[in-house]
Amino acid sequence: MSEQHDAVDIIRAKRDRQTLTDEQIDWVIDAYTRGAVADEQMSALAMAILLNGMDRAEISRWTAAMIASGERMDFCSLSRPTADKHSTGGVGDKITLPLAPLVAVFDVAVPQLSGRGLGHTGGTLDKLEAIPGWRADLTSEAMLRQLDEVGAVICAAGSGLAPADKKLYALRDVTGTVEAIPLIASSIMSKKIAEGTGALVLDVKVGSGAFMKTEADARELAETMVALGTDAGVRTVALLTDMATPLGLTAGNGLEVRESVEVLAGGGPQDVVDLTVALAVEMLAGAGRAQDEGEVRAALVDGRAMDVWRRMIAAQGGDPDAPLPTARETETVLADTDGVLTALDAYAVGVAAWRLGAGRARKEDPVQAAAGVELHAKPGDRVSAGQPLMTLHTDTPERFARAREALAGGWQIGEAEQAGSRSVVLDRITAEEADR
Ligand code: URA
């Protein structure tokens, strides 16, 4: 650092729509991480960024500064290339569970550092913790050993990766500044780049159950993240995928593990299988081990992906044969009329699953392994009055009423057969498109 910058000058600069210099960005991120810039100053700067934006060079430098605030992982000692996936979060999004072992079948190592859920979207670690004995916390050495021996690991991110982001994300959460695309993109990508993967596929969700409600916003986020990854030397592509309705037929931790195991056994809902295969094809191509779609699908059907799953779960103390927990109470929601289910809102189902106990309102809250929503029909299906539309699962039946409130108005039964034909993958964003 050649000169000391005053936080107030940096806030004023962004307030007045100026471009921040590399030095200003490096200094403010470092000083905030050390506690020399106060939370109220960083809140003001985050709000100025939300309102006035940052250009590509600023976002890139901001991301690099957050990476430099902590440690970087290094997978160079592995004999295989690495590929990872990040999803911006959705309802029923259990794709990581079948995807990681599926990609590992083709000799690509998958180091998947995941988180716990907050709010209406679930967290991958919460889902896997429904498996008796399974542990999320691994040392870096244990992670590397598992990548070497099994090829796939899904575990908790250590606190050493991008600590600046950890502090800033918590601040954004309570200051109305989460929704700034430059801040979301740099937050996600600082962690993914620090993690050291060679190739990265981003699953950017669009729709009521997602962070990004419109395709235009999702596209902007995807393009920003693809550009950041590419600038950092990570081969990055993004798929824009539909989150208007839940993925698959389950939302809730143990229920989603059950569905993932069905996919690994060659069955499972079509949308979950299609998205798992589409993301695997991208990860394999990014890692330089391209496979055609048919070959990837075959590894789900012939048991190769299931073999890796069983070894991956067992390596982290889990028993892949243990029965999954079941909820103490269930209630069924019935269709009130005959017709075609034309809409089933992802956000409504996500909030219902959360209120049943599958998710948490505060970071420290526990989750119920067996709670959630099981769907019996998806948009496009014909239903008749009195037929079960979904089953609600919980250990605490006093939660049913609030879950039903969340679901009120969350589906439509009509006459048109128009729904159900939309493909789950809406678009693909490459480095060339992100550059335009
Ligand atoms: N997920 C993150 O990791 N960061 C954000 O800013 C938003 C979602």
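No experiment lies behind these values; they were computed from the predicted model shown.

Thresholds, definitions, all that
Throughout, residues of each chain are indexed from 1 in the direction in which the sequence is written. Reporting in this predicted model follows two pLDDT cut-offs: at least 70 for local features of residues, and 80 or more for side-chain atom pairs to be given and counted; totals over whole chains, interfaces and linings ignore these cut-offs and use all residues. Derived side-chain values reflect all non-hydrogen atoms in the structure, with water molecules and hydrogen atoms excluded from consideration. By disulfide we mean two sulfur atoms from cysteines, separated by a distance within 2.5 Å. Each residue gets one of three labels from its accessible area relative to the maximum for its type: buried under 20%, exposed over 50%, partly exposed in between, using a 1.4 Å probe on protein chains only. Each domain's extent was defined by an automatic or database domain assignment. Only heavy atoms enter the contact rule, under which two residues are in contact if any of them lie within 4.5 Å. When two parts are put together, the accessible area they lose, computed with a 1.4 Å probe and summed over both, is reported as buried area. Any Lys or Arg side-chain nitrogen located within 4 Å of an Asp or Glu carboxyl oxygen qualifies as a salt bridge. Each residue is assigned to one class: nonpolar for Ala, Val, Leu, Ile, Met, Phe, Trp, Tyr, Cys and Pro, charged for Asp, Glu, Lys and Arg, and polar for all the others, Gly among them.

A. The arrangement of the state of the cysteines in detail. Tallied over the full model, the rule gives zero disulfides. Left unpaired, C76 is separated from the closest cysteine sulfur, that of C155, by 18 Å. Classification of C155 as buried rests on a relative accessible area of 1%.

B. Broad picture of the domain arrangement of the protein. Partitioning the protein into structural domains gives domain 1 (2-53), domain 2 (83-161 + 176-321 + 426-435) and domain 3 (329-414). Each of domain 1 and domain 2 was reduced to a C-alpha centroid, and the two centroids are 33 Å apart. Opposite the five residues of domain 1 that make contact, domain 2 presents six residues. Of the roughly 420 Å² buried between domain 1 and domain 2, counting both surfaces, carbon and sulfur atoms make up 88%. Broken down residue by residue, the surface that domain 1 buries against domain 2 is led by A46, I49 and L50, which jointly contribute 77%. Across the domain 1-domain 2 interface, the total number found is zero salt bridges. Considered class by class, the residues forming the side of domain 1 that touches domain 2 number four nonpolar, one polar and no charged.

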